[in-house]
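# Structural characterization, general
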Amino acid sequence: AVIYSFAVPDALFRTWLQSGFCIAVGLLAFRLSRTRHVRMAAVGMVAMYCMLIAVSTFTAGGVRAPGFIAFGALTLLAGVLLGSPAGALVAALSIAFGGVLVWLDRTGALPASHVEHTSTSIWLASSLIVVVIATLQHLSVRMSRTNLALAHAENERRRIAERIAKLQNDLKEV
């Protein structure tokens, strides 16, 4: 947010407001995830970030806004936290919202962008989104590896239990 603020000084308030919103949503989701409401925390986080990205892109030029690509990161976030159907739903809603933005732009109903984007601001916004996607990808791979290791350990425990049961059975027969 600090670097982006220097790149687009006209968007200083907007940038810090969005950053504060993201931090607040993250903290709230973290707090909820420490209770029995983990799924609610994930749904709330995805929904609130959807709202943030939707409002941001609506007021910053529609699908031309550098933040529109963040729907891709949000789709990945929903898929990782809530499963593939949720990821598919977020993807479908993002595409539909993009279509609405295109229609509003073509009919002249899209509000004028309050932000003048430069190549630097677009690069910085896109870089942030790429980092978020890379982080989510890393987390999903780590979760997969952990689950695979747990499954291997469970298989080994069952294999050992079966061997013990077979040996006990063999001893009874002797």
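So, a few notes on the structure that sits alongside this text. (Residues numbered from 1 in each chain as written. Predicted model: local features only at pLDDT ≥ 70, side-chain atom pairs only at ≥ 80, totals over all residues. Heavy atoms only, no water.)

## Notes on helix H3 (residues 38–58)
For the record, the criterion: Note on conventions: DSSP H or I runs of at least 4 residues are helices, E runs of at least 2 residues are strands, and numbering of each starts at the N terminus. In this analysis, the expected span of each helix is defined as 1.5 Å times one less than the number of residues it contains. Three exposure classes are used, based on accessible area relative to the maximum for each residue type with a 1.4 Å probe and protein chains only: buried under 20%, partly exposed in between, and exposed over 50%.
Between its terminal C-alpha atoms H3 stretches 30 Å, which fits the 30 Å expected from 21 residues at 1.5 Å a residue. Residues Ala41, Ala42, Met45, Val46, Tyr49, Leu52, Ile53, Ala54, Ser56 and Thr57 constitute the buried set of H3.

## Quick word on the side chain of Thr75
Threshold: Throughout, a contact is declared for two residues whenever any of their heavy atoms are within 4.5 Å.
Tracing the backbone through its elements, the reader meets Thr75 in helix H4 (residues 70–82). Residues contacting Thr75, with those up to four places away along its chain left out, are Gly87, Val90, Ala91 and Ser94.

## Side note on the environment of Phe21
Within the secondary structure, Phe21 is located in helix H2 (residues 12–33). Under the relative-accessibility criterion, Phe21 is labelled partly exposed at 27%. Expressed as a C-alpha distance, the spacing of Phe21 and Leu52, which sit 31 residues apart in the sequence, is 8.1 Å. Those residues within four positions of Phe21 in sequence are excluded, and the remaining contacts are Met48 and Leu52.

## Digging into the pattern of salt bridges
Inclusion rule: Salt bridges are defined as contacts in which a side-chain nitrogen from Lys or Arg sits within 4 Å of a carboxyl oxygen from Asp or Glu.
Summed over all chains, the structure comprises five salt bridges. Among the salt bridges present, the one from Glu156 reaches Arg159, with a minimum N-O distance of 3.1 Å. Taken together, the positions of Glu156 and Arg159, both in helix H6 (residues 119–173) and three residues apart, correspond to about one turn of that helix. Across the salt bridge formed by Lys166 and Asp170, the nearest N and O atoms sit 3.4 Å from each other. Taken together, the positions of Lys166 and Asp170, both in helix H6 and four residues apart, correspond to about one turn of that helix. The class for Lys166 is exposed, based on a relative accessible area of 53%. Given a relative accessible area of 33%, Asp170 falls into the partly exposed group. Here the salt bridges do not stand alone but share partners, grouping Glu154, Arg157 and Arg158 into one network.

## Here's the deal with the nonpolar core
We count it as follows: The definition of a nonpolar core used throughout is a set of buried Ala, Val, Leu, Ile, Met, Phe, Trp, Tyr and Cys residues joined through side-chain atoms within 4.5 Å.
Membership of the largest hydrophobic core comes to 20 residues, with the highest contact counts inside it found for Met45, Val46, Tyr49, Leu74 and Leu77. Looking at this core, the elements with two or more residues in it are H2, H3, H4, helix H5 (84–107) and H6.

## A few points about the packing of aromatic side chains
Any two aromatic rings considered together are summarised by their centre-to-centre distance and by the angle between their planes. Put simply, the rule reads: Two aromatic rings from Phe, Tyr or Trp, using only the six-membered ring of Trp, form a pair when their centres are within 6.5 Å; if the ring planes differ by under 30 degrees the pair is stacked, by over 60 it is edge-to-face, and anything between is tilted.
Scanning the model with the defined rule gives two aromatic pairs in all. On the numbers, 5.4 Å between centres and 70° between planes, the contact of Phe68 with Phe71 is edge-to-face. The exposure class of Phe71 is buried, given its relative accessible area of 6%. Judged by centre distance (5.8 Å) and plane angle (65°), the rings of Phe71 and Phe97 are edge-to-face.

## Digging into the packing of H3 against H4
Keep this limit in mind: Comment: axis = line fitted to C-alpha atoms, over the contacting stretch for helices; angle = value between 0 and 180 degrees taken between N-to-C directions. With respect to orientation, any angle under 35 degrees is reported as roughly parallel, any angle over 145 as roughly antiparallel, any angle of 65 to 115 as roughly perpendicular, and every other angle as oblique. Any residue outside Ala, Val, Leu, Ile, Met, Phe, Trp, Tyr, Cys, Pro, Asp, Glu, Lys and Arg is labelled polar, Gly included; the first ten of those are nonpolar and the last four are charged.
Between H3 and H4, the shortest axis-to-axis distance is 10 Å and the interhelical angle comes to 175°. Looking at the two axes, H3 sits roughly antiparallel to H4. Seen from H3, the contacting residues are Arg39, Ala42, Val43, Met45, Val46, Tyr49, Cys50, Ile53, Ala54 and Thr57; seen from H4, they are Ala70, Phe71, Leu74, Leu77, Ala78, Leu81 and Leu82. Split into classes, the residues belonging to the contact of H3 with H4 amount to 15 nonpolar, one polar and one charged.

Everything listed is a geometric property; what it means functionally is a separate question.
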